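Summary of structural features
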Amino acid sequence: METLLEILEDLLPDVEFEGRTDLVESGDLDSLTILNLISDISDEFGVTIPVGEVVPENFDSVEAIMALIEKLK
């Protein structure tokens, strides 16, 4: 989870991620940022995120993103 937080903080240094469940809804994670995040996740964790998994529910919180990564490992 710490690695994921580091990736997110590199992409969006001014955003608080912990305890949030509205990252997509709030606009903090927009489509371009999500694409960059998917690329970084692929590089760091060695997983490929299928297009069908790129839905707001999978990116609205750090926990949801981490659960997606774990599911795809």
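What counts as what
Residues numbered from 1 in each chain as written. Predicted model: local features only at pLDDT ≥ 70, side-chain atom pairs only at ≥ 80, totals over all residues. Heavy atoms only, no water. Helix = DSSP H or I, 4+ residues; strand = E, 2+ residues; numbered from the N terminus. Buried < 20%, exposed > 50% of the residue type's maximum accessible area, 1.4 Å probe, protein only. Contact = heavy atoms within 4.5 Å. Core = buried A, V, L, I, M, F, W, Y, C linked by side-chain atoms within 4.5 Å. Salt bridge = Lys/Arg side-chain N within 4 Å of Asp/Glu carboxyl O. Axes fitted to C-alpha atoms, helices over the stretch in contact; angles between N-to-C directions. Parallel < 35°, antiparallel > 145°, perpendicular 65-115°, else oblique. Left-handed = near helix turned anticlockwise from the far one by under 90°. Nonpolar A, V, L, I, M, F, W, Y, C, P; charged D, E, K, R; others polar.

With that settled, consider the environment of Val 15. As for its position among the elements, Val 15 is in the loop between α1 (2-11) and α2 (31-45). According to the relative accessible area criterion, Val 15 is buried, its value standing at 17%. Taking the C-alpha atoms as reference, Val 15 lies 7.3 Å from Asp 28; in sequence the two are 13 residues apart. Discounting residues that sit within four places of it in the chain, Val 15 has contacts with Arg 20, Leu 23 and Asp 28.

Our focus in this paragraph is the nonpolar core. Grouped together as the largest cluster of nonpolar side chains are 23 residues, with contacts concentrated most on Leu 4, Leu 29, Leu 37, Ile 41, Phe 59 and Ile 65. Those elements that place two or more of their residues in this core are α1, α2 and α3 (62-72). Leave out the neighbours within four places in its chain, and Leu 37 touches Leu 4, Ile 7, Leu 8, Leu 11, Leu 29, Phe 59 and Ile 65.

Within this structure, the stated rule accounts for three salt bridges. The salt bridge involving Glu 53 is made with Lys 71; its shortest N-O contact spans 3.1 Å. In this pair, Glu 53 sits in the loop between α2 and α3 while Lys 71 sits in helix α3, placing the two residues 18 residues apart along the sequence. Overlapping salt bridges bring together Arg 20, Asp 22 and Asp 28 as one network.

Axis separation between α2 and α3 bottoms out at 12 Å; the angle between their running directions is 50 degrees. Regarding the angle of α2 to α3, the classification is oblique. Crossing angle aside, the handedness with which α2 passes α3 is right-handed. In this structure, α2 uses Leu 37, Ile 41 and Phe 45 to contact α3, whose residues at the interface are Ile 65, Met 66 and Ile 69. Of the residues assigned to the contact of α2 with α3, the class counts are six nonpolar, no polar and no charged.

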